[in-house]
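Close look at the chain arrangement
Listed here are the chains, written in short residue letters.
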Amino acid sequence: MRLSRFPAQGATVHHGYGITDSFWHLDVILGKPDVGSISRLNGYSRPTPIRMNPRAVEIAKKLSPEQRAGQCILVGVVPSDSPEYITNLIDTQCLAGIFLLGHWTSRSKLEAMLSAVNHVSPQGIKPIVATDHEGGEIQNIRVPGVDHLPSQEALARMSPAKVQAVVTTGARQLAKLGVHMVFSPVAGVIDPRLGVRNKPIAKHHRGFGTDPHLCGQYSAAVVAGHRKAGIISTTKHFPGIGRITEDTDFKSAGITDDKTTRHDRYLESFRMAFDAGSEAVMIASAYYSKIDPGTLGLFSSKIMTDMLRGDFGYQGLIVSDDLGSSVSVFSVDGGHRASKFVSAGGDLAITADPLLAGPMIRALTSTATSASGKKRLVDAASHVINVKLAHSLTK
């Protein structure tokens, strides 16, 4: 996920922050974790399995096709946007909500935006407010009263119990502001043969390491911390971007994972995060040649329908990586990026460019003219509303 709405030309900086190209090793990522505390992490309460609330389906079916489509779209908001513009967009198009982009450093400006957004409720359905909050370089809310969260690489030097406590504190600060959802944790396992040549994760200190089980333990700790604070976790980027070299935000080449298989051991970290109660999962915009060659992950029914819903039995919310400004999706028309994602099994399409909301709604609505298309759109909107019901964002 980028911090800007527009692709950088010749960009060498990830998410708008400076980076340090330190030599990368497994012991830098993992340090020497307290193995005893890893086992004690299992002391947190096991979450109730995610199930579809019949009320969510009932609400979705009462919406018009356009309103259902709107509930499947989350738009990016930057500090220069006016609250009036954003709330009108949400209200008139029945959008699912917003995610915060850029550096939000003014508490008064942030509070004004969130207050306005949290007072809108098209069709009685309140919007979700989401943000990137992994820690380290990737933390969009940087206002007084919100602690700076260490990077995942730094968190992995702590015990999982300590990580859970640190994340809980920060998540409570976000919840107090009016944030409901965080795009975190990064559960992807880094290929040790790539090291910092893995630009999406390792180079920017975004990962927990190279061991699937330890990555899963730390991802579960983050999810548990979010749950304790009442925040929706979005585990990402399924099925992992630790085996590619380039960043899908900026490149369309070098983003093919030619190792991960449908039942790969690297997927264990995601399963552990799901078992810990992650209510959402973000799909990567990379290619997986041993799973669905030639198809981006977020357009792949094999990944979202067959693997997530089938193999994993996952019943939570399936979210796209950015469909608005990421270079990896530029070959597809803006509106049809959302319809391809939802048709393949996705639920919530996110776009850094709010101007794409209209074209996306039209594309999604056009797919609902067939019986199967209508059923899929109802199902996608139901998954969005199901999460909202669980967090009192609708009745």
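Preceding this section is the structure that the text describes.
Described below are features of the structure shown in this document. (Residues numbered from 1 in each chain as written. Predicted model: local features only at pLDDT ≥ 70, side-chain atom pairs only at ≥ 80, totals over all residues. Heavy atoms only, no water.)

**Focus: the nonpolar core**
Counting 81 residues, the largest nonpolar core has Ile98, Ile141, Phe238, Ile283 and Phe341 as the members making the most contacts within it. Sort the elements by how many residues they give to this core and helix H14 (residues 371–390) lands first, with 6 residues. With sequence-adjacent residues up to four places away left out, phenylalanine 341 is seen in contact with Ile283, Leu298, Phe299, Met304, Ile318, Val319, Ser320, Leu323, Gly346, Asp347, Leu348 and Ala349. In this structure, Leu74, Ala96, Leu101 and Ala130 belong to the second largest nonpolar core, which totals 20 residues. (Core = buried A, V, L, I, M, F, W, Y, C linked by side-chain atoms within 4.5 Å. Buried < 20%, exposed > 50% of the residue type's maximum accessible area, 1.4 Å probe, protein only. Helix = DSSP H or I, 4+ residues; strand = E, 2+ residues; numbered from the N terminus. Contact = heavy atoms within 4.5 Å.)

**Thoughts on unusual backbone geometry**
That bond from serine 184 to proline 185 is cis: its omega, 5°, falls within 30 degrees of zero. For proline 185, the location among the structural elements is in the loop between strand S5 (181–183) and helix H9 (212–229). Following phenylalanine 238, the chain continues into proline 239 via a peptide bond in cis, with omega recorded as 0°. With respect to the helices, strands and loops of the structure, proline 239 is situated in the loop between strand S6 (232–238) and strand S7 (256–257). Backbone geometry places glutamine 123, a non-glycine residue, at a positive phi of 60°. When you line up the elements, glutamine 123 lands in the loop between helix H6 (107–117) and strand S3 (128–135).

**Overview of the pairing of S3**
Two faces make up the sheet, and in a regular strand the side chains alternate between them. Of all 8 residues in S3, 8 are buried; the element is thus mostly enclosed. Of the two faces of S3, the one carrying Ile128, Ala130, Asp132 and Glu134 and the one carrying Val129, Thr131, His133 and Gly135 are both buried. Where strand S2 (residues 97–100) and S3 come together, 4 bridges link them in parallel fashion. Among the inter-strand pairings, isoleucine 98 is bridged to a residue of S3, identified as valine 129. What joins S2 to S3 is H6, and the crossover it makes is right-handed. Where S3 lies against S5, 3 bridges are found, and the strand directions are parallel. What sits directly across from threonine 131, in S5, is valine 182. (Pairing = 2+ DSSP bridges. Right-handed = clockwise from strand over helix to strand, strands pointing away.)

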